[in-house]
Amino acid sequence: MPADCAGQPNASPSQVLKMMMTKTKSGMSLCVPKFILRADADRLEAGFLTLPWKRHTMRIHGKEVPVPRLYQWMGIAPTIYGERIVPIEWTPEALEVQQRVHVATGFLFNSLNINLYRDHNDHIGWHSDGEEEGLWEFPIASVSLGAVRYFQVCPYHGNGKLKRRFHKYFGEPDQPVALEHGSLVVMPAGSQEFYIHRLKKRPSSTERAHGST
Ligand SMILES: O=C(O)CCC(=O)C(=O)O
């Protein structure tokens, strides 16, 4: 059974910041199911759904294959799948999420990647967020809006470049965690080096979009 998103919802911002920045070998340091309450989460979701969505492609066996989700980016832009991302202007909804996460965690995130999973088939497989993006050094906070989807982390013991192919380097995956409408999950600083993560397909669901910022 997937786990419910349970965490340390009553921790103070300074305790949360410490959990986010200590480079303990933990895949997920914080999970708050009702981080944003229903009415505000609905409003934010409606605003994000109007973004001019884009789609990455990745090269697999010499072919360009579309990534099964849409994205947008605000703030400091990285290179992803070999493509230099062109960020768009921060929207009011994005600034609000940045501010809410800042208040809750004490950390002012400088960029926002927004993913739209259009239906139960959209997903992202096992990966970690890139060393070249500087993300191994910083925590990653993820706010979810829309249909519930399941997020999972797994210890990883190999050389970063071999991540996608060599399951022999994977440890035992944690229980998948339900990302509810308005929930917050944090992967702590340094976790990307030792953990991989994924957002699973949800074949039995008929619900529509899930977005993560
Ligand atoms: O959308 C999510 O919750 C996961 C996103 C993710 O793993 C990524 O974009 O690297």
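Quick summary incoming for the structure in this document. Being a predicted model, the structure only gives us computed values, none of them experimental.

### Quick word on the sheet that holds strand E12 (residues 183–187)
Then, in step 1: Reading across the sheet, the 6 strands line up as E1-E12-E9-E14-E7-E4 and stay open at both edges, with antiparallel pairing between neighbours. The sheet is open, and its two borders are formed by strand E1 (30–32) and strand E4 (70–75), each paired with just one other strand. Across this sheet, the average inter-strand angle for adjacent strands is 15°, counted without regard to direction.
Then, in step 2: Of the strand pairs in this sheet, strand E9 (residues 140–146) and strand E14 (residues 210–212) are connected by 3 bridges, and their pairing is antiparallel. Bridge pairing links Leu145 to Gly211 in E14.
Then, in step 3: Relative to E9, helix H2 (residues 38–49) is tilted by about 95°, and along the sheet it contacts strand E7 (111–117), E9 and E14.

### Things to note about the site of the ligand
Then, in step 1: Residues in contact with the ligand, as listed here, are Asn113, Asn115, Ile124, Asp129, Ser142, Phe151, His197, Leu199 and Ser212.
Then, in step 2: Counting residues per element, the ones that place at least two in the shell around the ligand are E7 and strand E13 (195–199).

### Details of the pairing of E12
Then, in step 1: The element E12 is extensively covered by neighbouring structure, given that 5 of its 5 residues are classed as buried.
Then, in step 2: The side-chain alternation of E12 yields two buried faces, one formed by Ser183, Val185 and Met187 and the other by Leu184 and Val186.
Then, in step 3: The pairing of E1 with E12 spans 3 bridges and is antiparallel. Bridge pairing links Val32 to Leu184 in E12.
Then, in step 4: Looking at chain direction, E9 and E12 are connected through 5 bridges and run antiparallel.

Cut-off values and rules
- Residues numbered from 1 in each chain as written.
- Predicted model: local features only at pLDDT ≥ 70, side-chain atom pairs only at ≥ 80, totals over all residues.
- Pairing = 2+ DSSP bridges.
- Helix = DSSP H or I, 4+ residues; strand = E, 2+ residues; numbered from the N terminus.
- Axes fitted to C-alpha atoms, helices over the stretch in contact; angles between N-to-C directions.
- Contact = placed C-beta atoms within 7 Å.
- Near = placed C-beta within 6 Å.
- Buried ≥ 20, exposed ≤ 12 C-beta atoms within 10 Å, placed from the backbone.

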